[in-house]
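# Observations on the three-dimensional arrangement
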Amino acid sequence: MPKIGDTFKQKQRVRPGGLQMTAVTRQEVLGLYRKIFRIAKKWQSASGQIEETITEKEYIKNEAKTLFRKNKNVTDPKLIKQCIEECEARIEIGLHYNIPYPRPIHLPPMGLAHKQGRMLRHQEKLRKISKPIYLKSHDEVS
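One structure accompanies this document, and this report is about it. Note that the structure is predicted; figures quoted are calculated from it, not measured.

Conventions used here
Within each chain, residues carry numbers counting from 1 in the order of the written sequence. Totals for whole chains, interfaces and linings use every residue, but because this is a predicted model, local features are given only for residues with pLDDT of at least 70 and side-chain atom pairs only at 80 or more, for both listing and counting. Just so you know, side-chain values use all the structure's heavy atoms and leave hydrogens and water out. Under the DSSP-based scheme used, a helix requires at least four consecutive residues in state H or I and a strand at least two consecutive residues in state E, with every element numbered from the N terminus. Accessibility here uses a 1.4 Å probe with only protein chains present; expressed as a share of the type maximum, an area under 20% marks a residue as buried, one over 50% as exposed, and anything in between as partly exposed. Should any heavy atoms of two residues lie within 4.5 Å, those residues are considered in contact. Note on areas: these come from Shrake-Rupley sampling with a 1.4 Å probe, and a residue is covered only by the protein chains present in the view. Patch criteria: residues need more than 30% relative accessible area and no salt bridge. Like-charged residues are merged within 9 Å; nonpolar side chains of Val, Leu, Ile, Met, Phe, Trp and Tyr are merged within 5 Å. Put simply, a salt bridge is a Lys or Arg side-chain nitrogen that is within 4 Å of an Asp or Glu carboxyl oxygen. Structural elements are reduced to axes, namely lines fitted to C-alpha atoms, with helices fitted over the stretch in contact, and the angle between N-to-C directions of any two is expressed from 0 to 180 degrees. For classification, angles of less than 35 degrees are called roughly parallel, those exceeding 145 degrees roughly antiparallel, those between 65 and 115 degrees roughly perpendicular, and all remaining angles oblique. With the far helix as reference, a near helix turned anticlockwise by less than a right angle produces a left-handed crossing, and one turned clockwise produces a right-handed crossing. Gly counts as polar in this scheme, as do all residues outside two lists: the nonpolar Ala, Val, Leu, Ile, Met, Phe, Trp, Tyr, Cys and Pro, and the charged Asp, Glu, Lys and Arg.

With that out of the way, let us pick up the overall build of the protein. Secondary structure summary: the protein contains 5 helices and 2 strands in total. Going from N to C terminus, the protein has its helices and strands arranged as β-β-α-α-α-α-α. Across the 142 residues that make up the protein, the buried fraction comes to 25%. Long-range contacts, defined as pairs at least 24 residues apart, comprise 62% of the intrachain contacts of the protein with a sequence gap of at least 6. Of the roughly 11000 Å² that the protein leaves accessible, carbon and sulfur atoms contribute 57%.

Next up, the structure:
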C-alpha cells in the first residue's frame, strides 16, 4: 500500500538486478526508440529506388532492435547517457546525410607501432579515443 509521501517522489523502475532506472531516463530511451521507428517508416533512400529504400528501412529497424536489446541491461547512469548521446548523434547524422549506415572514419594506420609493448598500447588507446561517438557500438554489433 503506497504511503501519502510516495506520490511526490520521482518514480523509479526496479530492474531485475535490483538497480533502478529513473522514469525520466526510461521515457527518454523509449522516445528515442519510437523516433527511430518513425524515421524508418518514412525513410526514402538517396537514390529513390524502391529496393534500396526497403533495404535501408530494414537496416534501420534491425540496427535499432539489436542495439537497444544489447543495452537493455545497462544500469550505469553515465553509460546510459553515453548510449543516448550515441543514438541521438546517429539519428542526426543519418537524417543530415540521408544515409542510415554509420559514416566511415579515417584513422591513421598502426604501421609504425611495434607488435607488442608500450607503443602498441599507446596507438590502440589513441585510436579508441579518436573514434567518434556515433561509432562506439558499431564494431561490437557488426
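On to unusual backbone geometry, then. Excluding glycine, a negative phi dihedral is what most residues carry, and trans is how most peptide bonds are arranged. The backbone of Asn98 sits at a positive phi, close to 55°, despite the residue not being glycine. Within the secondary structure layout, Asn98 lies in the loop between α3 (77-97) and α4 (118-130).

Right, let's get into the environment of Asn71. You can see Asn71 is positioned in the loop between α2 (50-70) and α3. According to the relative accessible area criterion, Asn71 is partly exposed, its value standing at 23%. Spatially, the C-alpha atom of Asn71 lies 10.0 Å from that of Ser137, the residues being 66 residues apart in sequence.

Among the surface-exposed residues, Tyr97, Ile99 and Tyr101 lie close enough to one another that they form a single nonpolar patch of about 260 Å² accessible area. Tracing the backbone through its elements, the reader meets Ile99 in the loop between α3 and α4. Overall, the relative accessible area of 36% leaves Ile99 in the partly exposed class.

Closest axis-to-axis distance for the helix α1 (residues 23-42)/α3 pair is 11 Å, and the angle between their directions is 25°. Judged by the inter-axis angle, α1 sits roughly parallel to α3. In this structure, α1 meets α3 at a crossing whose hand is left-handed. Where α1 abuts α3, its residues Thr25, Glu28, Val29, Leu32, Lys35, Ile36 and Ile39 lie against Ile80, Ile84, Cys87, Glu88, Ile91, Glu92 and Leu95. Within the contact of α1 with α3, the residues separate by chemical class into 9 nonpolar, 1 polar and 4 charged.

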